[in-house]
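# Observations on chain architecture
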There are 2 protein chains.
Amino acid sequence: MALEEAHWPEELFADLDRTSPLPMYSQVASRLESAIRSGVIPAGGRIESEMAIAERLQISRPTIRRAIQDLVDKGLLVRQRGIGTQVVQGQVERSVELTSLFEDLSQAGISATTTLLDHEVLEADEDVAARLSLPAGDPVLHIRRRRMADGVPVAVLDNHLPGEFADLLPASLEGAGLYQLLRSRGVGIRIAQQRIGARACTPDEASLLEMEPGAPVLTMERLTYDHTGRAIELGRHAYHPDRYSFSTTLVAR
Amino acid sequence: MALEEAHWPEELFADLDRTSPLPMYSQVASRLESAIRSGVIPAGGRIESEMAIAERLQISRPTIRRAIQDLVDKGLLVRQRGIGTQVVQGQVERSVELTSLFEDLSQAGISATTTLLDHEVLEADEDVAARLSLPAGDPVLHIRRRRMADGVPVAVLDNHLPGEFADLLPASLEGAGLYQLLRSRGVGIRIAQQRIGARACTPDEASLLEMEPGAPVLTMERLTYDHTGRAIELGRHAYHPDRYSFSTTLVAR
DNA sequence: GCAGGTTAATTGTCTCAACATTATGCCCAC
DNA sequence: GTGGGCATAATGTTGAGACAATTAACCTGC
């Protein structure tokens, strides 16, 4: 075998739990990811074959394949028919997932705080209505916030939500991330379509983000759908580009 | 059933071909996607159950599930245990896939042309070497290009590739996209890690992109891996933000 | 009219199995 | 020494099946 054979430590899969509510494929994927990120399974190396892992764990091959596929989707592994599965060279960053900025920052151990600048119920104009798949004139909640990270302004967030969310309280919006609040009322956040661009900041944004007027901001327009396929949020965000960027991993289909 | 029952035209799956080299799950996914994008399967509507589609097509349920999963991954469908599978409301854009800008533009029917500004073989500095997982000092090909779309400058592209690609000819690089050239020599492009940001353009970029000095550019740094997991390209791109943005779809895991 | 239990529909997970395709390495004949 | 054929290893595709979990609708008793 041209590449280094895997010698995996006994404890790599020691705590797999068939009685866990967490599916087995997810547990296996998680263990493999940890081993890759920690270097236990070296970058550039080949991992054991699907059959070998299935035999080692006494788990079916389709379940192992499902675990490996998750890591392929994350850009950590590549597979080749007839050869095997390899770990990508170098260190792979974690991609942006479907979370709010608040969650991103909290997960990165950064203290995130929010100032609510605007909170009003409006009649949706035609553009907002079209984006949210609502009739024009329907009520929507419009909020505008500034997000700080460790005391430094990072983003200005402008969001429209359908009228059913009009009862989101200002205090709630300052104390938690928007997606947390939505989840806590039973909304399953499933899909977000994003368009990422750049432009010069407005005078208002310059002031809020402590930038020179006309300086570049990174922008992101996002339309989010829930578990029933309904549009639940239209967001237009402006980020200070020295303090925020988007990481993504693309995997060829 | 609360939502509209599917009444699918006979011809939706008329030309599925069991003898095709294209896998059946891919054919089914493709037909469903076309039907969704054309409105034959309406936005917001529910699709037939997995079992119903499997019976209709005399194809196994795992194969149908694989097809549906592809559309879920594209952000077109959402599934709910106990309820069924729904089409997302509104029109879903196609996400950026793992292609070069040249391919993006060509696929959008835009005439893309390239001017090669720099083409040199260098010894990799420590940063480039680290990113490409090469020893410092190893030869790398450095190219810099300006990409025009329909006669208008869109991007300045700065790329480093490992020394084995040093024989890529200037004429080739102007006549075709980088990824086309790589594929034509057997490189399977599989994964790209991207970091998207913004900054002020440099004087040189201002000139090349016909912008005011200091105006915002959209930036993208990309590290691309091939089918063996090796790093094959480090790209640093600057885009005119009025002429280019990134669309992505995030799907909750 | 409402609440609780039951049933049905549907997706989610896992198992087992077979065959296809690709890639590589080995062996043998020339 | 080289080329072609064959075998092996590994992933890719498809099928069949069983059971679990979730959700909604329906029915019954109060």
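Anything mentioned here points back to the structure above.
Small disclaimer: the values here were computed from a predicted structure and weren't measured.

### Observations concerning the overall build of chain A
Looking only at helices and strands, chain A has eight helices and 10 strands in total. Along the first, second and third principal axes, the C-alpha atoms of chain A reach 65 × 40 × 30 Å. Split into buried and exposed, the 253 residues of chain A put 51% on the buried side. Across chain A, contacts joining residues at least 24 apart in sequence account for 59% of those joining residues at least 6 apart.

### So, the side chain of Glu50(B)
Residues and elements named next belong to chain B. Here Glu 50 lies in helix 2 (residues 50-57). The exposure class of Glu 50 is buried, given its relative accessible area of 13%. Among residues more than four places away in sequence, those in contact with Glu 50 are Arg 61, Ile 64, Arg 65, Ile 68 and Arg 79.

### Brief notes about the relation of the copies chain A and chain B
When chain A is fitted to chain B, the best match, at an RMSD of 0.1 Å, comes from turning it 180 degrees and sliding it 0.0 Å along the axis. Taken together, these values place the two copies in the relation of a two-fold axis. Distance from the rotation axis, computed per C-alpha, reaches its smallest value in chain A at Pro216(A): 2.3 Å.

### Let's talk about the pattern of salt bridges
One pass over the structure, following the stated rule, counts 38 salt bridges over all chains. Its salt-bridge partner being Arg61(B), residue Glu50(B) comes within 2.8 Å of it at the nearest N-O pair. A residue pair is termed long-range when its members are at least 10 positions apart, and Glu50(B) in helix 2 and Arg61(B) in helix 3 (residues 61-73) qualify at 11 residues. Of the charged contacts in the structure, one is a salt bridge between Glu221(B) and Arg236(B), with a shortest N-O distance of 3.1 Å. Taken together, the residues Glu221(B) in strand 8 (residues 216-226) and Arg236(B) in strand 9 (residues 231-239) connect sequence positions 15 residues apart. For Arg236(B), a relative accessible area of 29% puts it in the partly exposed group. Here the residues in one salt-bridge network are Glu50(A), Arg61(A), Arg65(A) and Arg79(A), joined through shared partners.

### A word on the interface of chain A and chain B
Contact with chain A, which involves 51 residues of that partner, is made by 51 residues of chain B. Buried surface at the junction of chain A and chain B, both sides included, amounts to about 4200 Å², of which 53% is carbon and sulfur. The interface formed by chain A and chain B includes 20 residue pairs in polar contact (both at pLDDT 80 or more). Secondary-structure elements contributing two or more residues to the side of chain A that touches chain B are strand 2 (77-80), strand 7 (189-200), strand 8 (216-226) and strand 10 (246-251) of chain A. The greatest single-element share of the side of chain A that touches chain B, amounting to 12 residues, is contributed by strand 7 of chain A. Taken together, the residues of the side of chain A that touches chain B sort by class into 23 nonpolar, 17 polar and 11 charged.

### Topic: the protein's contact with DNA strand C
Neighbouring residues of DNA strand C: 25 residues in total, closest Met24(A), Tyr25(A), Arg81(A), Glu50(B) and Arg61(B). A breakdown of the atoms of DNA strand C within 4 Å of the protein gives sugar and phosphate a share of 73%. Contacts to DNA strand C include Gly82(A), whose backbone N or O atom sits 3.4 Å from a base oxygen. Mapped by element, the contributors of at least two residues to the surface near DNA strand C are helix 1 (24-38) and helix 3 (61-73) of chain A together with helix 3, strand 2 (77-80) and strand 3 (84-87) of chain B.

### Let's talk about the protein's contact with DNA strand D
Lining the immediate surroundings of DNA strand D are 25 residues, of which Glu50(A), Arg61(A), Arg18(B), Met24(B) and Arg81(B) lie closest. A share of 72% of the atoms of DNA strand D within 4 Å of the protein falls on sugar and phosphate groups. Contact between DNA strand D and Glu50(A): a phosphate oxygen at 2.8 Å from a main-chain N or O atom of the residue. Mapped onto the surface near DNA strand D, the elements with two or more residues apiece are helix 3, strand 2 and strand 3 (84-87) of chain A together with helix 1 (24-38) and helix 3 of chain B. For the surface near DNA strand D, the element with the most residues is helix 3 of chain B, which contributes four residues. Tallied by class, the residues present in the surface near DNA strand D amount to eight nonpolar, eight polar and nine charged.

Rules used in this analysis
Residues numbered from 1 in each chain as written. Chains lettered and ligands numbered in written order. Predicted model: local features only at pLDDT ≥ 70, side-chain atom pairs only at ≥ 80, totals over all residues. Heavy atoms only, no water. Helix = DSSP H or I, 4+ residues; strand = E, 2+ residues; numbered from the N terminus. Buried < 20%, exposed > 50% of the residue type's maximum accessible area, 1.4 Å probe, protein only. Contact = heavy atoms within 4.5 Å. Least-squares fit on C-alpha atoms with pLDDT ≥ 70 in both. Salt bridge = Lys/Arg side-chain N within 4 Å of Asp/Glu carboxyl O. Buried area = accessible area lost by both parts, 1.4 Å probe. Polar contact = N/O pair within 3.5 Å; in protein donor to acceptor, adjacent residues only side chain to side chain. Nonpolar A, V, L, I, M, F, W, Y, C, P; charged D, E, K, R; others polar. Near = heavy atom within 4 Å.

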